[in-house]
Amino acid sequence: MSRSPHPPTREGLPSEERDIHWMRHALSLAAQGEASDEVPVGCVIVNEGEVIGEGWNRPISSVDPTAHAEIVALRDAARRLGNYRLTGATLYVTLEPCLMCTGAMLHARIGRLVYGAADVKRGAVHSAGQALSTPGINHRIEVTAGVLDADCAHSLRAFFRARRG
């Protein structure tokens with residue numbers, strides 16, 4: 001294994017390797033959603049190297065239009081911590097978040113967002129909108145886009161291809 005030119009983080013891994021590790025975890029959560037016939041999007045929230053929340057899409061099974069992977073994970077993290085403020089946490093999700101989810105991340109004070117595949121139709125970070133850079137919001141979230149984007153996009157394409165055919 002070649003050495004990364006980047007220094008290790010507090011969790012012992014260079015930041016790119018850490019992002020890949022957690023995005024793989026989010027992909028495994030997406031697979032759980034797919035097994036339940038939900039759109040395969042997974043999300044994990046990490047703080048200081050520890051999982052504090054996780055989830056996958058559940059709007060169909062929970063009969064809840066707000067049960068996106070990010071919302072499920074944010075609710076899980078808030079319950080575990082006993083606080084809706086998740087200041088400093090990093091949210092990893094396999095698909096670029098929508099407007100609802102970006103709003104929830106702002107209210108939760110997420111410190112960093114890492115996403116895989118872009119969502120050209122509903123993505124509210126870079127693609128269809130730029131909600132996190134809206135003038136007047138009083139919190140900024142650092143964003144890293146495209147981590148394992150090919151794997152994340154493939155999971156979604158395969159799911160929809162199977163549903164159509």
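Structure's up top.
Residues numbered from 1 in each chain as written. Predicted model: local features only at pLDDT ≥ 70, side-chain atom pairs only at ≥ 80, totals over all residues. Heavy atoms only, no water.

*Asks:* Looking at this structure, how should I read the overall build of the protein?
*Replies:* Each helix and strand in the protein was counted, giving 5 helices and 5 strands. When the helices and strands of the protein are read in sequence order from the N terminus, they spell out α-β-β-α-α-β-α-β-β-α. For the protein, whose C-alpha radius of gyration is 15 Å, the value lies close to the compact-globule estimate of 15 Å for 165 residues. Each principal axis of the C-alpha atoms in the protein carries an extent, and together these give about 45 × 45 × 30 Å. For the protein, the proportion of its 165 residues judged to be buried stands at 44%. Contacts in the protein between residues at least 24 apart in sequence constitute 54% of all its contacts with a sequence separation of at least 6. Of the roughly 8,800 Å² that the protein leaves accessible, carbon and sulfur atoms contribute 53%. Counting 18 positive and 18 negative side-chain charges, the protein places the averaged centre of each group 3 Å from the other. (Helix = DSSP H or I, 4+ residues; strand = E, 2+ residues; numbered from the N terminus. Rg over C-alpha atoms; globule rule 2.2 N^0.38 Å. Buried < 20%, exposed > 50% of the residue type's maximum accessible area, 1.4 Å probe, protein only. Contact = heavy atoms within 4.5 Å. Areas by Shrake-Rupley, 256 points an atom, 1.4 Å probe, with all protein chains shown as cover. Lys, Arg positive; Asp, Glu negative; His and termini not counted. Charge placed at Lys NZ, Arg CZ, Asp CG, Glu CD.)

*Asks:* Explanation requested: the packing of helix H3 (residues 69-81) against helix H4 (residues 99-108) in the structure shown.
*Replies:* Contact geometry for H3 and H4: axes closest at 9 Å, N-to-C directions at 20°. Compared by their axis directions, H3 and H4 come out roughly parallel. Remark: the crossing between H3 and H4 carries left-handed chirality. Residue-level contacts link Glu-70, Ile-71 and Leu-74 of H3 to Met-100, Cys-101, Ala-104, Met-105 and Ala-108 of H4. (Axes fitted to C-alpha atoms, helices over the stretch in contact; angles between N-to-C directions. Parallel < 35°, antiparallel > 145°, perpendicular 65-115°, else oblique. Left-handed = near helix turned anticlockwise from the far one by under 90°.)

*Asks:* Help me understand the sheet that holds strand S5 (residues 142-145), please; the structure alone is not making it clear to me.
*Replies:* Remark on secondary structure: sheet strands pair via backbone hydrogen bonds, oriented parallel or antiparallel. Taken in spatial order, the 5 strands make up an open sheet running S2-S1-S3-S4-S5, and their pairing is mixed. Edge positions in the open sheet fall to strand S2 (50-56) and S5, since each of these has one partner strand only. Ignoring which end each strand starts from, the neighbouring axes of this sheet average 15° apart. The pairing of strand S3 (residues 90-95) with strand S4 (residues 112-117) spans 5 bridges and is parallel. Within the sheet, the bridge partner assigned to Thr-90 lies in S4 and is Arg-112. (Pairing = 2+ DSSP bridges.)

*Asks:* So what exactly am I meant to see when it comes to the pairing of S3 here?
*Replies:* Along any regular strand the residues' side chains alternate between the sheet's two faces. Burial of S3 is extensive: 6 of the 6 residues sit out of reach of the surface. Two strands pair when backbone bridges link them, and strand S1 (residues 42-47) and S3 are joined in this way by 4 bridges, in the antiparallel orientation. Note on S3: the bridge partner recorded for Cys-43 is Val-93. In this view, the connection linking S3 to its parallel neighbour S4 by way of H4 has right-handed handedness. (Right-handed = clockwise from strand over helix to strand, strands pointing away.)

*Asks:* Would you mind showing me how to read the pattern of salt bridges here?
*Replies:* If charged atoms from side chains of opposite charge come close, those side chains can pair. Tallying each qualifying case throughout the model produces 5 salt bridges. Taking the shortest distance from any N to any O, the salt bridge between Asp-19 and Arg-112 comes out at 2.6 Å. Of the two residues, Asp-19 sits in helix H1 (residues 15-35) while Arg-112 sits in strand S4, which places them 93 residues apart along the sequence. For the pair formed by Asp-19 and Arg-112, the shared burial category is buried. (Salt bridge = Lys/Arg side-chain N within 4 Å of Asp/Glu carboxyl O.)

*Asks:* I'm lost on H1 in this one. Help?
*Replies:* Since the α-helix packs 3.6 residues into each turn, any two residues three or four apart lie on the same face. Here H1 spans 30 Å end to end across 21 residues, near enough to the 30 Å set by a 1.5 Å rise per residue. Inspection of H1 places Arg-18, Asp-19, Trp-22, Met-23, Ala-26, Leu-27, Leu-29, Ala-30 and Gly-33 among the buried residues, and these make up the whole buried set. Next to the buried residues of H1 lie S1, S2, S3, S4, S5 and helix H5 (149-164). The first or second residue beyond H1 is Asp-37, which carries a positive phi of 65°. (Expected span 1.5 Å × (residues − 1).)

*Asks:* What is the right way to look at the side chain of Asp-119 in this model?
*Replies:* Locating Asp-119 in the fold gives a position in the loop between S4 and S5. No salt bridge is formed by the buried Asp-119; its nearest oppositely charged neighbour, Arg-122, is found at 4.1 Å. At a separation of 3.1 Å, a polar atom in the side chain of Asp-119 contacts the main-chain amide nitrogen of Arg-122. When residues no more than four places from it in sequence are discounted, the contact partners of Asp-119 are Leu-95, Glu-96, Ser-127 and Ala-128. (Polar contact = N/O pair within 3.5 Å; in protein donor to acceptor, adjacent residues only side chain to side chain.)

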